[in-house]
Amino acid sequence: MNRQTKQLLALAGVLAVGLGAYAALRVWNAGEEEREAAQADYVLQLSDVTALSFDSGDGPLSFTLEETGWTWDGDSEFPVNGTELDALREDLAALKAERIIPEPDALADYGLEEPAYTLTARTDSGESTTLLLGSLDPGGSHRYAMLDGGTEVYTVDGSITSSLDSELLDLMELPQLPDLDEKNITSAQLELTDGTVRQLTSAVETRETEVETETGETDENREPIYETTLWSLDGQPLPEGAVGLEDWLYDLSTLYLDSCSAFKADQEELSACGMDGASLLTVSLTSGETFTLAIGGQTEDGSYVYAALEAPAPGCDLFLISADKARTLSDLNYESLSADEEAE
């Protein structure tokens, strides 16, 4: 092998090593870029969040996740509906950065000098992280965000603030009312503010002619036996099939709580909601339980009426019910119940 050939072989070996090193460097750089991108894709990836605190300008609300569910740090007796808090917890597990601004202008340009929302999350390891949320971007669907103590500004899905707009009473788990269908009612008593008491009672009558409900039993001639419910007010029988009675029973059976207006109301709140002069409706059920509804004053727009599920007293919760249903249930008199035409 001559000298020239040896030189060419040596150069080829050097070139091969160089190309291998270059390829390896490219692979390493590509991997590094992918890692940076994977990290930058998310503002937060918090697993096992056990506490949330947020402030949308009306004061902070703080909640802790216990084995039995979420509790409000202000009063553990407050019944929390954890739907919105669970949604926040899920968002923080993988909060995606739609856009990254590594060198932002003045924070005021993004609404972050005085953030519209502050959200603090604590994980079960004790780690605490605070997310600041500013104004919406020009497109209106994303919101500027940054981590407390951080330097980069991100845009995140603007829907995250829908949960943060909740006030305390929005997060209350409303009580479940019993089944108030007429078949479950034995009597209903209405005590008015002037002390008048009216009593609606039911009695089941068995008949051999077809009426409301077939009992499944037969008489001596093997004819089916039917039963119907007869109603009376203060001992006076009401006409069968009276529209007024059907309307009253229907509004009772479809009664629902729209929202909570006060948790553990004080006397001032009770008076402001007209509960000092509330009517008290007590319904006895076939199960042996009783259902109580205190009917107070109307809201300013007249759409709702304040109500309690017990005799009004400081410390009771106040709710809103339909004003139309409240008027019907408060109108327990013979003339209205015996009406055979719908009221206009």
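Residues numbered from 1 in each chain as written. Predicted model: local features only at pLDDT ≥ 70, side-chain atom pairs only at ≥ 80, totals over all residues. Heavy atoms only, no water.

Engineer: In this structure, what is going on with the confidence of the model for the chain? I would like to understand it.
Structural biologist: Close inspection of predicted coordinates is inappropriate for parts of the model with low pLDDT. Taken residue by residue, the chain gives an average pLDDT of 86. The fraction at 70 or more is 81%. Contacts of residues 2–12 to residues separated by more than four positions or lying in other chains number two contacts, the stretch itself having pLDDT below 50. In this model, residues 14–39 is a region of pLDDT below 50 whose contacts with residues beyond four sequence positions or in other chains number zero contacts. (pLDDT = per-residue confidence, 0-100. Contact = heavy atoms within 4.5 Å.)

Engineer: Teacher, can you tell me more about the packing of aromatic side chains here?
Structural biologist: Each aromatic ring pair is described using two quantities: the centre-to-centre distance and the angle formed by the ring planes. Using the criterion set out here, one finds four aromatic pairs in the structure. With centroids separated by 6.2 Å and ring planes inclined at 20°, the aromatic side chains of Phe54 and Phe63 adopt a geometry described as stacked. One exposure class covers both Phe54 and Phe63, and it is buried. Ring geometry for Phe78 versus Phe263: centroids 5.1 Å apart, planes at 85°, classification edge-to-face. One end of the pair, Phe78, is in the loop between β4 (69–72) and α2 (83–93); the other, Phe263, is in the loop between β16 (259–262) and α5 (267–272), with 185 residues separating them in the sequence. In this structure, Phe78 and Phe263 share a single accessibility class: buried. Taken together through their ring pairs, the aromatic side chains of Trp72, Phe78 and Phe263 make up a single cluster. (Phe/Tyr/Trp six-rings, centres within 6.5 Å; stacked < 30°, edge-to-face > 60°. Buried < 20%, exposed > 50% of the residue type's maximum accessible area, 1.4 Å probe, protein only. Helix = DSSP H or I, 4+ residues; strand = E, 2+ residues; numbered from the N terminus.)

Engineer: I tried to follow the pairing of strand β10 (residues 153–157) on my own but got confused; where do I start?
Structural biologist: Regular strands have side chains that alternate between both faces of the sheet. Judged by how many residues are buried, β10 sits mostly within the fold: four of five residues are covered. One ladder, built from three bridges, connects strand β6 (residues 99–101) with β10; its direction is antiparallel. Note on β10: the bridge partner recorded for Arg99 is Thr155. As judged from the four bridges shared by strand β9 (residues 142–147) and β10, these two strands associate in the antiparallel manner. Counted as the bridge partner of Ala145 is Tyr154 from β10. Following β9, the chain reverses through five residues before pairing antiparallel with β10; Gly149 in that reversal takes a positive phi of roughly 90°. (Pairing = 2+ DSSP bridges.)

Engineer: Looking at this structure, how should I read the pattern of salt bridges?
Structural biologist: Where side chains of opposite charge bring their charged atoms close, a pairing between them can arise. Scanning the model with the defined rule gives five salt bridges in all. In this structure, Glu77 engages Lys264 in a salt bridge whose closest nitrogen and oxygen atoms are separated by 2.6 Å. Residue Glu77 is located in the loop between β4 and α2, and its partner Lys264 is located in the loop between β16 and α5; the two are separated by 187 residues in the primary sequence. Salt-bridge contacts for Asp251 lead to Lys325; the nearest nitrogen and oxygen are separated by 3.5 Å. Here the residue Asp251 occupies a position in helix α4 (residues 243–253), and Lys325 occupies one in helix α6 (residues 323–330), the gap between them amounting to 74 residues. Classification of Asp251 as buried rests on a relative accessible area of 14%. The network of salt bridges with common partners includes Asp75, Glu77 and Lys264. (Salt bridge = Lys/Arg side-chain N within 4 Å of Asp/Glu carboxyl O.)

Engineer: Just checking my understanding: could you explain α2 for this structure?
Structural biologist: Within α2, burial applies to Leu85, Leu88 and Leu92. Down the axis of α2, the sector holding all buried residues measures 55°, keeping them to one side. Those residues of α2 that are exposed and aimed more than 90 degrees away from the buried face are Thr83 and Glu90. (Arc of directions from axis to C-beta.)

Engineer: Even after reading the chapter, I still don't get the sheet that holds strand β2 (residues 49–55), so can you show me in this structure?
Structural biologist: Each strand in a sheet pairs with another by means of backbone hydrogen bonds, the pair being arranged parallel or else antiparallel. Taken together, eight strands build an open sheet; the order of strands is β4-β3-β2-β7-β8-β9-β10-β6 and the sheet is antiparallel. Since the sheet does not close on itself, it has two edges, and those belong to β4 and β6, each with one partner. Across this sheet, the average inter-strand angle for adjacent strands is 25°, counted without regard to direction. Strand contacts of α2: β2, β3 (61–66), β4 and β7 (117–123), with the helix running at about 105° to β2, the strand carrying the most contacts. (Axes fitted to C-alpha atoms, helices over the stretch in contact; angles between N-to-C directions.)

Engineer: Whenever I open this one, the state of the cysteines confuses me. Can you help?
Structural biologist: Two cysteines form a disulfide when their sulfur atoms are joined by a covalent bond. For the structure on display, the rule yields zero disulfides. Between Cys273, a cysteine without a disulfide, and Cys316, which holds the nearest cysteine sulfur, the sulfur-to-sulfur distance is 9.6 Å. For Cys273, a relative accessible area of 12% translates into the label buried. Under the relative-accessibility criterion, Cys316 is labelled buried at 2%. (Disulfide = S-S within 2.5 Å.)

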